[in-house]
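Okay, here's what each chain looks like letter by letter:
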Amino acid sequence: MLRRWRTRILLFLAVLGPGFITANVDNDPNGIFTYSQAGAQYGYALLWTMIPITLALIVVQEMCARMGVVTGKGLSDLIREEFGLRLTVIVLLLLVLVNFGNVIGEFSGIAASLDLFHLSKYISVPVCSVLVWLLAVRGDYKSVEKIFLTASVFYIAYIVAGVLSQPSWHTALVATVKIPPRSAWTHDYLFLVISVIGTTIAPWMQFYLQSTIVEKGVSVKNYAASRLDVIVGSIFTDIVAWFIIVACAATLYMHGQGAIRDASDAAQAMKPLAGQYAFLLFAFGLFNASFFAASVLPLSTAYVVCEGLGLESGVDKKFSEAPAFYWLYTILIAGGAAVVMIPNFPLIKWSITSQALNGVLLPVVIVLMLLLINRKDLMGEYANSRWFNIAAWLTAGIVSVLSLMLMVQQFRS
Amino acid sequence: MAHKAHNGDVDPSLTTMLGTPVTNASGQLRGRVRDLAVGTGVDAGKVAGLVLKTRRGLELVAATSVLQTPSGAFELRPEAEVRPLRPDDNFILLRQDLLDRQIIDVHGRKVVRVNDVDLQWFSHNGDPQDLRVREVEVGLRGAVRRLLKGALPAQTLETLARRFPARVIPWEFVDVIEVDPARRVKLNIEHERLAQLHPSDIADILEDLPAAEREAVLTTLDEEVAAEALEEVEPHLQVSMVESLTSEVAAGIVEEMDPSAAADLLAELPESRSEAILEEMDPEERQEVEELLEFREDSAAGRMTTEYVAVPQTATVGDAIQALRGFEGDIETITEIYLVDETEVLKGVVPLARIVLAKPETRLDVLGEPRFISCEADAHQQEVAELFDKYNLRALPVLNNDAKLVGVVEADHVIAFLRSGR
């Protein structure tokens, strides 16, 4: 009995990887900012969104994992093979733009978090960008995955910070399962609800997850473990998000601090309210999340683009063998870092634009995914069942409409 | 040239032909070009016909039965024969089976994606004889054509596309991968050229392919070639490749592998799976592999091969040559010959080069080194690597507790271990 459990746990740990990592990278500076804002502005009143977004995340990510395992091909490969070159190029172009916007976001997260420790961005950003670049180029898949898994574990910092903030657990738990009364639904509140849901599922995640599953070579027989990986990852990610909201609700909201301007603001404001440790944990959490996401995004973008276009890719190739891959990777990192270092760069405007592109791309990607996963000739018996399909289209519809709404809202404001 | 008058100024490409309207002699629209059917086997590379999408479904018409009108549309010649496309036709459909798919560039030894297919007219005395596939376009030129088709006039687009460098693979170097086994047999895909590549190159190609396509290539390769390629594949991919094969096919390939590589591979597989494969193997090879499986993977015995050449210590150079001729394993890996007594105890080691230079009747024990290096079966691989480094070895005999020769560690095993430990 004990032995059987031990093998099971070992088997699970062996597969734990792509799904867990992808879900965690989702809590990037942008996500952390949104969750902090939710807690700071509305206290516990947005906690109910956590359960639906977890479900949505699982539904979408599970489909990617399944497609990766069954077809053995990345999402960009499948789009290329089934929908032709023209659509592929459009999707990839949008993806590069969106991801570049995100990379800038990650580097500004690095700058902001290290600024809390009085480290100038003119030092922190160049150093971190070189580290990020080397990480992928010098490391092989296995060691990189281990580093990423470790980085995922560091998100526990937010859970600890949440506990340190001494929230009212009872109120928080009730708010998690209860939708607030109608009177609470003001215009601004609705906007934040949409933001929270909109930041949860990003287009790059689908491409990244499917490629890493393929690269790991998970076979159909081990699919159940991969599904577990996705589910555990999604739940862990949203538990972290829950604690971020709770921490900000118990401190910033309770003391009437109100809205914050960016993710590092939350850490700063927490110092006098919840103490030095909470501040340190928040600041460290933000750095970890930013650095982590900055390592994943450029690499994943370079992979996805080269695969879809049929160019040589992979860190095991030499620069001269895969020039397009390395150039794209390098430009994304160097460009992202350079933009952050421009004095008085309109970061907020840029992040709104990149969020808007996100809103355009996401519905396209999800619809393509659903079309692919329902193809019997590709998926065989692993195509969506009828009930799963209803759930999936519903999720896709809601998420797409919300991200489009978010885009419209942001352009108005 | 005669064929230029027939169909435009330049040889067509698949992209320029797709979607072109086809009318009959009286100018009535018959349908549009949906695909191009290409023959296989003896007709390889010859366009068997245009596949038209008409109101009656998919129809096939010979490429020589159409004329290009000045407007760019195709017109059926009066004598043209149009027949329905049958599901049992043995054709490669260029758009369906080739465009955007991955193919193996046998010449460039890598996997690429198809952007376009260039065709060529062959004519005789001004009469078009046939349309053939000339090369497959995998570079920017094809991509530009695809992307901008319809957005620019055909002539302008072609001029623009020609400004981009072409990256093409001649049709004879293209290796199509077909996943469906039944269709694979029908299309007569043999991967003959692929099989002639170096096993390490085949391994690189396999690593770049998705699982189903790997399996398709592995099963069509000769077992010996497949085995050599599989040995060169990264361990974790090796496992997933073998897992996707049936036990019978896997056993056929594993049998041909070097026993030490086979044992390493089987040790990584789930037990039920490795047993099923052993079950299907030849008793002799099976026993060798099973013996190796008993050892720890990180010991000398876990790294060694049991394929070596040993002769009695009284043997001559002539006997050694005979033994080499009878050797069933991979002959290139042999660098030395071992001298043993009646009880298999190792008595001497003779480098191959000395044997080559000696007369046939020379006794081997005078050629051998007076002192030779060997190691115990349970020596750690790290220790083995140190011995190789210290004594500049090419091969290292492995002895059991009774000083009997049980196997040989070769330099490439040590290199593989050292690289994996980085």
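Residues numbered from 1 in each chain as written. Chains lettered and ligands numbered in written order. Predicted model: local features only at pLDDT ≥ 70, side-chain atom pairs only at ≥ 80, totals over all residues.

Quick word on the overall build of chain A
Logical step 1: Looking only at helices and strands, chain A features 18 helices and zero strands.
Logical step 2: The C-alpha atoms of chain A give 21 Å as radius of gyration, which agrees with the globular expectation for 413 residues (22 Å, within 12%).
Logical step 3: In terms of principal-axis extent, the alpha carbons of chain A reach across some 55 × 55 × 50 Å.
Logical step 4: For chain A, restricting intrachain contacts to residue pairs at least 6 apart in sequence, the fraction spanning at least 24 positions comes to 85%. (Helix = DSSP H or I, 4+ residues; strand = E, 2+ residues; numbered from the N terminus. Rg over C-alpha atoms; globule rule 2.2 N^0.38 Å. Contact = placed C-beta atoms within 7 Å.)

Details of the overall build of chain B
Logical step 1: Regarding its fold elements, chain B presents 21 helices and 20 strands.
Logical step 2: The C-alpha radius of gyration computed for chain B amounts to 30 Å, which surpasses the reference 22 Å derived for 422 residues by more than 25%, pointing to a less compact arrangement than a globule.
Logical step 3: When its C-alpha atoms are laid out on the principal axes, chain B stretches across 95 × 50 × 40 Å.
Logical step 4: Here chain B holds 422 residues, and 38% of them are scored as buried. (Buried ≥ 20, exposed ≤ 12 C-beta atoms within 10 Å, placed from the backbone.)

Considerations on the interface of chain A and chain B
Logical step 1: At the interface, 12 residues of chain A touch 17 residues of chain B.
Logical step 2: At six residues, helix H5 (residues 75–115) of chain A tops the list of elements feeding residues into the side of chain A that touches chain B.
Logical step 3: In terms of residue class, the side of chain A that touches chain B is built from two nonpolar, six polar and four charged. (Nonpolar A, V, L, I, M, F, W, Y, C, P; charged D, E, K, R; others polar.)

As for the pairing of strand S4 (residues 57–61) of chain B
Residues and elements named next belong to chain B.
Logical step 1: As paired elements, strand S3 (residues 47–54) and S4 share five bridges and run antiparallel to each other. Its bridge partner lying in S4, threonine 54 is registered against glycine 57.
Logical step 2: Once S3 ends, the chain turns through two residues before running back antiparallel as S4.
Logical step 3: Where S4 lies against strand S7 (residues 82–84), three bridges are found, and the strand directions are antiparallel. Looking at the pairing, leucine 60 lines up with arginine 83 of S7. (Pairing = 2+ DSSP bridges.)

Description of the sheet that holds strand S15 (residues 310–312) of chain B
Residue and element names in this part refer to chain B.
Logical step 1: Taking strand neighbours across the sheet as the criterion, the three strands line up as S15-S16-S17 in an open arrangement whose pairing is mixed. The open sheet has two free edges, formed respectively by S15 and strand S17 (346–351), since each of these has just one partner strand. When strand polarity is set aside, the average angle formed by the axes of neighbouring strands in this sheet is 30°. (Axes fitted to C-alpha atoms, helices over the stretch in contact; angles between N-to-C directions.)

Here we look at the confidence of the model for chain B
Logical step 1: Summarising the model, chain B shows a mean pLDDT of 84, and 95% of its residues fall at 70 or more.
Logical step 2: Note on the complex model: pTM 0.79, ipTM 0.74. (pLDDT = per-residue confidence, 0-100.)

Quick word on the pairing of strand S9 (residues 102–105) of chain B
All names here are of chain B.
Logical step 1: Looking at chain direction, S9 and strand S10 (residues 110–113) are connected through four bridges and run antiparallel. By the bridge assignment for S10, isoleucine 104 is matched with valine 111.
Logical step 2: Counting the residues between successive antiparallel strands, the hairpin from S9 to S10 contains four residues, one of them, arginine 109, with a positive phi of roughly 55°.
Logical step 3: Where S9 lies against strand S14 (residues 174–175), two bridges are found, and the strand directions are antiparallel. Bridging across to S14, aspartate 105 finds its partner in valine 174.

Notes on the confidence of the model for chain A
Logical step 1: Averaged over all residues, the pLDDT of chain A equals 85, while 95% of them reach at least 70.
Logical step 2: The spread of mean pLDDT over the elements of chain A runs between helix H1 (residues 2–15) of chain A, the lowest at 65, and helix H15 (residues 323–341) of chain A, the highest at 92.

Notes on helix H8 (residues 199–208) of chain B
Logical step 1: Turning to H8 of chain B, its buried residues are Ile202, Ala203, Ile205 and Leu206 of chain B. The buried residues of H8 of chain B occupy an angular sector of 165° when projected down its axis, which confines them to one face. (Arc of directions from axis to C-beta.)

A look at the nonpolar core
When a protein is soluble and globular, its nonpolar side chains tend to lie buried together.
Logical step 1: In terms of nonpolar packing, the biggest core is built from 129 residues, with Phe107, Ile110, Ile244, Ile245, Ala266 and Phe282 of chain A touching the most fellow members.
Logical step 2: Take this core: its biggest share by element is 20 residues, from helix H14 (residues 276–309) of chain A.
Logical step 3: Leaving out residues up to four positions away in the same chain, alanine 266 of chain A has contacts with Ser36, Ala40, Cys248, Leu252, Ile260 and Phe282 of chain A.
Logical step 4: One finds Met17, Leu36, Leu98 and Val112 of chain B within the second-largest nonpolar core, a separate group that totals 101 residues. (Core = buried A, V, L, I, M, F, W, Y, C linked by C-beta atoms within 7 Å.)

A word on unusual backbone geometry
Residue and element names in this part refer to chain A.
Logical step 1: Non-glycine residue glutamine 166 carries a positive phi angle of around 50°.
Logical step 2: Note on placement: glutamine 166 falls in the loop between helix H8 (156–164) and helix H9 (169–177).
Logical step 3: Given 13 C-beta atoms within a 10 Å radius, glutamine 166 is considered partly exposed.

Quick notes on the environment of glutamate 410 of chain B
Logical step 1: On the secondary structure map, glutamate 410 of chain B appears in strand S20 (residues 405–410).
Logical step 2: Sequence separation between glutamate 410 of chain B and methionine 304 of chain B is 106 residues; the distance between their C-alpha atoms is 7.1 Å.

Some points on the sheet that holds S14 of chain B
Paired through their backbone hydrogen bonds, the strands of a sheet run either parallel or antiparallel.
Logical step 1: Ordered in space as S10-S9-S14 (chain B), the three strands form an open sheet in which the pairing is antiparallel. In the strand order of this sheet, the two ends are held by S10 and S14 of chain B, each with one partner.

Quick notes on the environment of alanine 289 of chain A
All names here are of chain A.
Logical step 1: Relative to the assigned elements, alanine 289 resides in helix H14.
Logical step 2: As a C-alpha pair, alanine 289 and alanine 65 span 224 residues in sequence and 23 Å in three-dimensional space.
Logical step 3: Alanine 289 has contacts with Asn27, Asp28, Pro29, Ile32 and Gly109, leaving out every residue within four places of it along the chain.

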